[in-house]
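# Coordinates in review
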Amino acid sequence: DLGLEMEGTGMCGGLFSKLAKTYKHHLDKTTVFPRLRWVFFSLSLAVYLADVYVQQGFFIVTYALGIYLLNLLIGFLSPQVDPEAVG
């Protein structure tokens, strides 16, 4: 669930729903290529960081992006169930 579906059946809601389904379809097709996804992520990050270095800007955005990526990493490494609460 992407959380992208909108309530209502209006034209905008239908378009948004179709875009969400298309995005999900393409995302599901790339699941079988983890190495390629990591390479793409690494290259994208390197290009972004080089752009920030050359332009000497976007430091606040970069800081927020770093916090977001750290939050995703912590969420990935943390257990979903607290072992002390279960047993």
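Values in this document were obtained by computation on a predicted structure and should not be read as measured data. (Residues numbered from 1 in each chain as written. Predicted model: local features only at pLDDT ≥ 70, side-chain atom pairs only at ≥ 80, totals over all residues. Heavy atoms only, no water.)

### Observations concerning the layout of surface pockets
Here the largest pocket is characterised by a volume of approximately 540 Å³. Where the lining of the largest pocket is concerned, the elements lending two or more residues are helix H2 (34-55) and helix H3 (59-77). In terms of residue class, the lining of the largest pocket is made up of eight nonpolar, no polar and one charged. (1 Å grid on protein atoms, 1.4 Å probe; cavity = no way out; pocket = protein on both sides within 12 Å on 5 of 7 lines; lining within 4 Å. Points joined across faces, edges and corners; volume = space filled by probe spheres on them. Helix = DSSP H or I, 4+ residues; strand = E, 2+ residues; numbered from the N terminus. Nonpolar A, V, L, I, M, F, W, Y, C, P; charged D, E, K, R; others polar.)

### Considering the packing of H2 against H3
For the pair H2 and H3, the least separation of the axes is 10 Å and the interaxial angle reads 155°. In terms of orientation, H2 lies roughly antiparallel with respect to H3. At the point where H2 passes H3, the crossing takes the left-handed sense. Contacts from Phe41, Tyr48, Leu49 and Val52 of H2 reach H3 at Phe59, Val61, Thr62, Leu65 and Leu69. (Axes fitted to C-alpha atoms, helices over the stretch in contact; angles between N-to-C directions. Parallel < 35°, antiparallel > 145°, perpendicular 65-115°, else oblique. Left-handed = near helix turned anticlockwise from the far one by under 90°. Contact = heavy atoms within 4.5 Å.)

### Quick notes on unusual backbone geometry
Its identity as a non-glycine residue notwithstanding, Gln56 has a phi of 55°, on the positive side. Here Gln56 is to be found in the loop between H2 and H3. Classification of Gln56 by relative accessible area gives exposed; the value is 52%. At Phe58, a position not held by glycine, the phi torsion is positive, near 65°. Phe58 sits in the partly exposed class, given a relative accessible area of 45%. (Buried < 20%, exposed > 50% of the residue type's maximum accessible area, 1.4 Å probe, protein only.)

### Examining the packing of aromatic side chains
Counted under the stated rule, the structure contains one aromatic pair. Judged by centre distance (5.9 Å) and plane angle (85°), the ring pair of Trp38 and Phe41 falls under edge-to-face. Linking Trp38 with Phe41, this pair stays in helix H2, spanning three residues, or about one helical turn. On the basis of relative accessible area, Phe41 is assigned to the partly exposed category, the value being 35%. (Phe/Tyr/Trp six-rings, centres within 6.5 Å; stacked < 30°, edge-to-face > 60°.)

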